Amino acid sequence: NYTVTNIADGKYVWGVTCNDTAQNGELVFTQNRTFILDTVSPTAPSFSIPANLNQTNATLYVEWSVVTELNFDRYDAVLSPYVNMSDPTQSISVSGNISKNSTTFTSVVDGSYFIQIRAFDLQGHSGNSTVRNYLLDTVVPVVTLNFPSNNSFLLDNTPDFNVTVVDLNPNRCALLLSLVSGSTL
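Below is a short write-up of the structure. The model shown is predicted, which means the values in this text are computed figures rather than measured ones. (Residues numbered from 1 in each chain as written. Predicted model: local features only at pLDDT ≥ 70, side-chain atom pairs only at ≥ 80, totals over all residues. Heavy atoms only, no water.)

What follows covers the nonpolar core. Grouped together as the largest cluster of nonpolar side chains are 19 residues, with contacts concentrated most on Tyr75, Leu79, Phe105, Val108, Ile115 and Tyr134. When contributions to this core are tallied by element, the ones reaching two or more residues are strand E7 (60–64), strand E8 (72–80), strand E11 (111–121) and strand E13 (132–136). Excluding anything up to four places from it in sequence, Val108 contacts Ala58, Leu79, Gln90, Tyr113, Tyr134 and Leu136. (Core = buried A, V, L, I, M, F, W, Y, C linked by side-chain atoms within 4.5 Å. Buried < 20%, exposed > 50% of the residue type's maximum accessible area, 1.4 Å probe, protein only. Helix = DSSP H or I, 4+ residues; strand = E, 2+ residues; numbered from the N terminus. Contact = heavy atoms within 4.5 Å.)

Here it is as structure tokens:
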């Protein structure tokens, strides 16, 4: 056995030459073999699209930065309902070309998700993007005007307006009030 120390990552060819003290097999060569030393994980990809992670479309296109990796294998785009990325709803492998840095998740159902892009090399090392939150909401809020009722007469010049909003992810509501003549208050 012979141990070489501190060799750099890269592709190597190795073989052995031997002879004995009687000069038998003078400079006998073994067959050459190759190996790749890869001790470094790929760089972590970062998201470039989508900029807005609140979507109303059940098809989600994602794009990320190209990693620098000599022994690139694949990207995995993972969509999970959990921030620790367990139990993925969808996982898409994009392999063969390091510059193929996008994919599309389809048939996503309404809900809150997390997205992560993972880059793998042939050694099995990975570089992972940050985890981003993604909210899909394809249902329009249902708004019911409760008070004052339509065509009602009021005596109080400081009326309370009452509405009911039904939605899984309500954000904000604004009261729009104008005179029938067209002036906005």
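Following the structure, the description resumes.
What follows concerns the packing of aromatic side chains. Here the structure, examined in full by the defined rule, presents 4 aromatic pairs. On the basis of an interplanar angle of 55 degrees and a centroid distance of 4.8 Å, the ring pair of Phe72 and Tyr75 is categorised as tilted. Residues Phe72 and Tyr75 agree in their burial class; the two are buried. One aromatic cluster is present, formed by Trp64, Phe72 and Tyr75 through successive ring pairs. One residue, Arg74, lies across the ring of Phe120, its end atom 4.1 Å from the ring centre. (Phe/Tyr/Trp six-rings, centres within 6.5 Å; stacked < 30°, edge-to-face > 60°. Lys NZ or Arg CZ within 6 Å of the ring centre and 35° of its normal.)

A word on the side chain of Ser80. With respect to the secondary-structure elements, Ser80 resides in strand E8. There is a polar contact of 3.0 Å between the side chain of Ser80 and the backbone nitrogen of Tyr82. Polar contacts involving the side chain of Ser80 include one to the main-chain carbonyl oxygen of Ser86, which spans 2.6 Å. Beyond its immediate stretch of four places on either side in the chain, Ser80 contacts Met85, Ser86, Asp87, Pro88, Thr89, Tyr113 and Phe114. (Polar contact = N/O pair within 3.5 Å; in protein donor to acceptor, adjacent residues only side chain to side chain.)

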